[in-house]
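A structural walkthrough
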Amino acid sequence: MTPRSIPCSPIEGQKPGTSGLRKKTRVFMQPGYLENFVQSVFNGIGGARGKTFVVGGDGRFFNAQAIQTILKMAAANGVARVIVGKGGLLSTPAASHLIRLNKTDGGLILSASHNPGGIDEDFGIKFNTPNGGPAPEGVTDAIYAETTKLDCYQALDVDDIVLDLIGEVTLGTMKVAIIDPVVDYQALMATLFDFAKIRALFASGFTMKFDAMHAVTGPYAQAVLEGALGAPKGTVINATPLEDFGGGHPDPNPVWAKPLMDLMMSDIAPDFGAASDGDGDRNMVVGRGVYVTPSDSLAVLAANAHLAPGYAAGIAGVARSMPTSGASDRVAKHLGIEAYETPTGWKFFGNLMDAGKVTICGEESAGTGSNHVREKDGLWAVLLWLNILAERKQSVADVMADHWKLFGRDYYSRHDYEAVSKDAADEVMDGIRARMGDLVGQQFATLTVAKSDEFTYLDPVDGSVSSKQGLRIWFEGGARAVLRLSGTGTEGATLRIYLEQYADSHEDHTRDAQDALSNLRDAVVELCELDRIIGRSEPDVMT
Ligand code: G16
């Protein structure tokens, strides 16, 4: 059981993106590929000797094998203790909580989030720091630097360990604590929400469907909703985590969670519908006959958070990613608290939460969360909604109507153009950059540009600057379009176009969103010359 030092060559292209390193599974399965990154993490954080880490993943194909590799490498690198979820499973928010609860030196989370799983699909790994959040750029830069110069990695030459039994085992001198992935997370939720009230809501006949999309949240949702909160069995559907998510695309949005959407728009819809993604950090919320956009969900949660015990004293501030609609800013103004606008990527919220500046954060990409952990948290958002519905004794549709009556409505949609060639995507972005100074006053379709820029973020806590974080174009009449390239895709480039049109509190809030945004969409398609550059003007996915 002596640690072996195995010679290797540096690997190119292991630069962590928006949330860690994401590649095709077969890329990760190449000999030495995962090892190169894991050793670079240990080296990049100043060595692993004597440290404690949390390790777990969303159960996708290669999860179990990758965990064995990581454990053997951790042991050989002198790690003192690893906390791992039974079966290698941990949702991303649960992993974040365990890192904080056990005051560990960080954690390795295995997931490609909402991307499909399987040998021909996607895999990913990211390092979270001791605050429980995704590593900030300084740390990922140090890890990346290691990947480009590594010449050997450490591993123990031992058999795999059995991860299906709760308890403590040793690997060399390293202790491995195999824990129930749900218990600590559930205990945390019970401190934040009024479980008795939500239990009474279910007991009164309130109905719900939670689509776990055959991903990691299944066991969490079953334990909390059907167990602790008494929702009827069958409330959680697709509850068993599968290596390929049942062949589905575990992204909780109206496109990929279509069966749930269809149910919620039908005559037999339950009162409330929700879904979460591959690793449990994203969520979708839908009421009977009404879809709640993530941007609106953030605004409603911020406006009503005080109804849940964990936030009864009020919230310190609200943060949203730049492409997220301005709905939460209006709530912050109303509450007299600060609103922050950050680049896309949950890591940017960490500093604000650590500094006590914000309590609730959210993104248009279906992520909402609070300072209870340092990741977005799908089930948390669903529980906060349930707590709010239990207190307000209203339907989701009525909550939304009241919200828009008070704050106005931000019609919102994201249009994704997937698997675009990298060159074409760059041409679209660079084309706009080149014309940025001349756009104001120009008319596209029926709209005239009022203002345009490229978003740069100055972190108010550490003063760091992040530039090139998305192109913004405002039109006369209050519409805004944002363009950016996805940082989480694994095939070509994904061009995201975010469309937003504000209708004030006196205007019509009942329009179809795509209809309300059609003029803006036409203007952007023309402005970007999408037909000419990428050969299509219709997006692959509209959420
Ligand atoms: C990750 C980050 C999110 C971010 C999203 C953006 O989500 O954790 O904070 O909003 O990426 O994705 P893209 O760059 O593709 O627009 P996740 O759920 O994939 O970890």
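The text that follows walks through the structure, step by step, so that each part is easy to find. Given the structure is predicted, the values throughout are model-derived calculations rather than measurements.

The rules behind these values
- Residues numbered from 1 in each chain as written.
- Predicted model: local features only at pLDDT ≥ 70, side-chain atom pairs only at ≥ 80, totals over all residues.
- Heavy atoms only, no water.
- Pairing = 2+ DSSP bridges.
- Helix = DSSP H or I, 4+ residues; strand = E, 2+ residues; numbered from the N terminus.
- Near = heavy atom within 4 Å.
- Areas by Shrake-Rupley, 256 points an atom, 1.4 Å probe, with all protein chains shown as cover.
- Nonpolar A, V, L, I, M, F, W, Y, C, P; charged D, E, K, R; others polar.
- Phe/Tyr/Trp six-rings, centres within 6.5 Å; stacked < 30°, edge-to-face > 60°.
- Buried < 20%, exposed > 50% of the residue type's maximum accessible area, 1.4 Å probe, protein only.
- Contact = heavy atoms within 4.5 Å.
- Axes fitted to C-alpha atoms, helices over the stretch in contact; angles between N-to-C directions.
- Parallel < 35°, antiparallel > 145°, perpendicular 65-115°, else oblique.

Describing the sheet that holds strand β25 (residues 479–485)
A sheet is described by the order of its strands in space; here 7 strands give the open sequence β20-β21-β24-β25-β26-β19-β27, paired in antiparallel fashion. Strand pairing shows two members of the sheet lacking a second neighbour, β20 (443–444) and β27 (541–542), which therefore form its edges. When strand β21 (residues 447–454) meets strand β24 (residues 471–475), the two strands line up antiparallel, connected through 5 bridges. Bridge pairing in β24 places K451 opposite W474.

Remarks on the site of the ligand
Around the ligand, the structure places 18 residues, and the nearest of them are E363, S486, G487, T488 and R496. Considering the ligand on its own, with 460 Å² of exposed area, one finds that the protein chains cover 99% of that surface. Partitioned by chemical class, the residues of the shell around the ligand number 1 nonpolar, 10 polar and 7 charged.

Concerning the packing of aromatic side chains
Applying the stated criterion across every chain, the model contains 13 aromatic pairs. With a centroid separation of 5.9 Å and an interplanar angle of 85°, the aromatic rings of F348 and Y457 are classed as edge-to-face. In this pair, F348 is assigned in helix α12 (residues 347–354) and Y457 in strand β22 (residues 457–458), connecting sequence segments 109 residues apart. The exposure class of F348 is buried, given its relative accessible area of 8%.

Overview of the environment of Y144
Tracing the backbone through its elements, the reader meets Y144 in helix α5 (residues 137–147). Each C-alpha atom of the pair Y144 and L483 lies 27 Å from the other, and the pair is 339 residues apart in sequence. Non-local contacts of Y144, meaning those with residues more than four positions away in its chain, are made with Q14, K15 and P16.

Some details on the packing of helix α7 (residues 195–203) against helix α13 (residues 378–392)
As a packed pair, α7 and α13 sit with axes 9 Å apart at the nearest point and diverge in direction by 70°. By the angle between their directions, the pair α7 and α13 is classed as roughly perpendicular. Counting all contacts with α7, which are made through K197, I198, L201 and F202, the residues of α13 involved are L383, L386, N387, A390 and E391.

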